[in-house]
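Residues per chain are reported as follows:
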There are 2 protein chains.
Amino acid sequence: MATIYDIAEKLGVSPSTVSRALSGRGYCKEETRKRIIQAAEELDYAPDQSAKMLKTRVSNKVLFTVPDMCNPFYFDMIQGINDVLDPYGYLLILMDTKNRLEEEKRAIQLLREKYADGMIMVSFDFCEENIGLLNRLHAPVVLTNQYVSPAGKDRFHYVWVDTQLGIKDVVRHFTSQGIRRIGYVGGRLQEQTGRERYEGYREGLQEAGLPLCADWIRESDYTEQGGYLAGLSLLNGSHPPPEAVACANDLMAYGFLRACEEKRIRVPEDLLLAGMDNLSLSARTSPKLTSVSLRAEEIGRTAAQMLVHRMNGDNRPIENEHLRPKLVVRESSVKPAGFGKRET
Amino acid sequence: MATIYDIAEKLGVSPSTVSRALSGRGYCKEETRKRIIQAAEELDYAPDQSAKMLKTRVSNKVLFTVPDMCNPFYFDMIQGINDVLDPYGYLLILMDTKNRLEEEKRAIQLLREKYADGMIMVSFDFCEENIGLLNRLHAPVVLTNQYVSPAGKDRFHYVWVDTQLGIKDVVRHFTSQGIRRIGYVGGRLQEQTGRERYEGYREGLQEAGLPLCADWIRESDYTEQGGYLAGLSLLNGSHPPPEAVACANDLMAYGFLRACEEKRIRVPEDLLLAGMDNLSLSARTSPKLTSVSLRAEEIGRTAAQMLVHRMNGDNRPIENEHLRPKLVVRESSVKPAGFGKRET
DNA sequence: ATGAAAGCGCTAACAA
DNA sequence: TTGTTAGCGCTTTCAT
């Protein structure tokens, strides 16, 4: 592969002249430039990225990490991220951390090794360990969860949606219909996201004066299969069964729906159900699924904008962003006439 | 940021010793290695990728380009690609070419500039221009369409599914139910993918001795919105209307379904419908959508395997791969009792 | 307007 | 086992 030296030699000019001509920075006589450009084409020249990066210290890449590549939610986020990043010429490196701390650490390490100029990180569990590493990083980072270190002075930024409030809204939506036996399928309580959403459930019940009932609560993993298993377990293991169930995301709600089908429990005739994420799929399932919109694309867009701001060396302090969740009510959660009268 | 020189200096050894100790290649006394590793940690050292790349000429990245980031089909492919690439330590750069030749050329240029070691490219239209550029590339490339240059000796490989046969199977599925008025919503005929699938439609009709009828055929763009518009146009503009419609992908079928809803045409009671891609959504829509499975994940996995094979410098000639499409019949395409008797 | 030369941080062939 | 040295291909300062 030809280098600027080959071009320089062929034309009897110096490599620096070639560099200037091709990059457009610095002086170069128009005629010389033309000859250089022509020679570059003849030699099938293409600038070498690694050499350029080594010199300029920028990679033009952004790392985007998600905890579960199978969840369409993140692809909605990608739309937004890409919309913003593309015009700036940033490339997107996509990485699946599989909700494993080790993989998240690997992602952080990639940044230390300058694979990318910045990172947008989604995690179910921002904790002391990954946050500590993140704060040691020089490259800008934007998270999609709220996190404030006790010590303060965090180096990263975040854009977040109050999922706690979102789940609380779901519970309110149920109680406002007179429902009192409300179940919940969430994530692991050891994880930040799991705690947040569970807290919304707890608050919602409390607000309505309803007790927590372990029989109606399951911990799962945000996957369809996990929701299915949790659904079976909950439907089999609770007497009386709940009248309504809030799932901490749509994927688990789909799985729960599958469990209901299997158990011949009709939604919403026998049981009300709601999810969270508002995947585009949810408007088309049967029954159409009530869900809390987290505005995935907007999160992505906002996160990318914050990141670009920081990567461009603009060091004016920026505010962390806060998006409001929005309950989208569809068939699955609305009590039909004759609700609860099981057909036989 | 610390370099191996900083470590070398601190310890009074040479940079190459540090390099050997850290990379594990070449001799290094165990004790020296330990001291070096400790010093590296103390100095918060991380190897610089661009320097390593410049020297080793490998980027450990693979470029994956898709013509429409909004289509979940490609995310199924990503699962497969990532499954294969991840164990080898390859990172995935995702790029949306927006079905524009210019963007495809940009992707090819990225490879020339060594942004990545190889590429998996999805395009609706492999044509002389992009193929010509692809053949000039040194880096390995795997396409997801069949393409054989007239001149032969193509440098790239491909894994393909016979979508022509897939659409033909859909038409057969319709005709086997006695349906004779069969419509089609496809891609642009100027594009390779559009031609292929249309050809399947044409052959299917021909096989059943049915004539082509322009009233029942629409060109669109593989998006939901495109399918919706094509649906409205077809439903409004054909007298008599078709009894069944084959859509060239699921996204357009969803759009078509939306158009049907709007026009109060019931599927499958008034009209049969089928798509192609077999997105996971299709098993959950209402009605559940019949679709041709293209095995997205398997395409991804296979393509990635071929690419890895080539990137590892294994130059034994490899066969292009061929996956068979599979019709998955669901509610939307099965003639119910009383089909065609419009309710009023 | 152009050229010479240094250097980005790493690897690897060769010498010691 | 370790050190010396020469690049990888580009940018950029400084001199001409």
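The structure under discussion appears in the preceding block.
None of these values were measured; they are calculated from a predicted model.

Definitions and cut-offs
Residues numbered from 1 in each chain as written. Chains lettered and ligands numbered in written order. Predicted model: local features only at pLDDT ≥ 70, side-chain atom pairs only at ≥ 80, totals over all residues. Heavy atoms only, no water. Buried < 20%, exposed > 50% of the residue type's maximum accessible area, 1.4 Å probe, protein only. Helix = DSSP H or I, 4+ residues; strand = E, 2+ residues; numbered from the N terminus. Pairing = 2+ DSSP bridges. Right-handed = clockwise from strand over helix to strand, strands pointing away. Polar contact = N/O pair within 3.5 Å; in protein donor to acceptor, adjacent residues only side chain to side chain. Contact = heavy atoms within 4.5 Å. Near = heavy atom within 4 Å. Nonpolar A, V, L, I, M, F, W, Y, C, P; charged D, E, K, R; others polar. Salt bridge = Lys/Arg side-chain N within 4 Å of Asp/Glu carboxyl O. Phe/Tyr/Trp six-rings, centres within 6.5 Å; stacked < 30°, edge-to-face > 60°. Lys NZ or Arg CZ within 6 Å of the ring centre and 35° of its normal.

## Points about the pairing of strand S1 (residues 61-66) of chain A
All names here are of chain A.
Logical step 1: Burial analysis of S1 places six of its six residues in the buried class, the great majority of the element.
Logical step 2: Judged by which residues are buried, S1 turns out to be covered on both faces: Lys61, Leu63 and Thr65 on one side and Val62, Phe64 and Val66 on the other are all buried.
Logical step 3: In this structure, S1 lies alongside strand S2 (residues 91-96), joined through six bridges in parallel fashion. Across the sheet, the residue bridging to Thr65 is Met95, located in S2.
Logical step 4: Where the polypeptide runs from S1 across helix H5 (residues 73-85) and back to S2, its parallel neighbour, the crossover connection is right-handed.
Logical step 5: Note: S1 against strand S3 (residues 118-121), four bridges, orientation parallel. Opposite Val62, over in S3, you have Gly118 as the bridge partner.

## A look at the side chain of His157 of chain B
All names here are of chain B.
Logical step 1: Relative to the assigned elements, His157 resides in strand S5 (residues 157-161).
Logical step 2: Relative accessible area serves as the criterion here: at 12%, His157 is assigned to the buried category.
Logical step 3: Polar side-chain contacts of His157 include one of 3.4 Å to the side chain of Asn320.
Logical step 4: In contact with His157, not counting residues within four places along its chain, are Val141, Val142, Leu143, Met306, Arg310, Ile318 and Asn320.

## Describing the protein's contact with DNA strand D
Logical step 1: Residues in close proximity to DNA strand D total 26 residues, the closest being Tyr45 of chain A together with Ser16, Thr17, Lys29 and Thr32 of chain B.
Logical step 2: A breakdown of the atoms of DNA strand D within 4 Å of the protein gives sugar and phosphate a share of 53%.
Logical step 3: Ala51 of chain A places a main-chain nitrogen or oxygen 3.4 Å from a base nitrogen of DNA strand D.
Logical step 4: Elements that contribute at least two residues to the surface near DNA strand D include exactly helix H1 (4-11), helix H2 (15-23) and helix H4 (49-56) of chain A together with helix H2 (15-23) and helix H4 (49-56) of chain B.
Logical step 5: Broken down by class, the residue content of the surface near DNA strand D amounts to 10 nonpolar, eight polar and eight charged.

## Overview of the pattern of salt bridges
Logical step 1: Taken as a whole and judged by the stated rule, the model has 44 salt bridges over all chains.
Logical step 2: Taking the shortest distance from any N to any O, the salt bridge between Arg188 of chain A and Glu191 of chain A comes out at 3.7 Å.
Logical step 3: Owing to a relative accessible area of 39%, Arg188 of chain A belongs among the partly exposed residues under this scheme.
Logical step 4: Looking at Glu191 of chain A, the relative accessible area reads 6%, which means it is buried.
Logical step 5: For the salt bridge of Asp169 of chain B with Arg172 of chain B, the shortest nitrogen-to-oxygen distance reads 3.2 Å. A residue pair is termed a helical-turn pair when its members lie 3 or 4 positions apart in one helix, as Asp169 of chain B and Arg172 of chain B do in helix H8 (residues 163-175) at three residues.
Logical step 6: Relative accessible area serves as the criterion here: at 30%, Arg172 of chain B is assigned to the partly exposed category.
Logical step 7: Counted as one network, the salt bridges with shared partners bring together Lys168, Asp169, Arg172, Glu203 and Glu207 of chain A.

## A look at the packing of aromatic side chains
Residues and elements named next belong to chain A.
Logical step 1: Using the criterion set out here, one finds 12 aromatic pairs over all chains in the structure.
Logical step 2: Between Tyr198 and Tyr201, the aromatic rings sit 6.1 Å apart at their centres with planes inclined by 50 degrees, giving tilted as the arrangement. Here Tyr198 pairs with Tyr201, and both are found in helix H9 (residues 192-207), just three residues apart, close to one helical turn.
Logical step 3: One aromatic cluster is present, built from ring pairs that chain together Tyr184, Tyr198 and Tyr201.
Logical step 4: The ring of Tyr228 has Arg258 lying over it, and the distance from NZ or CZ to the ring centre is 4.0 Å.

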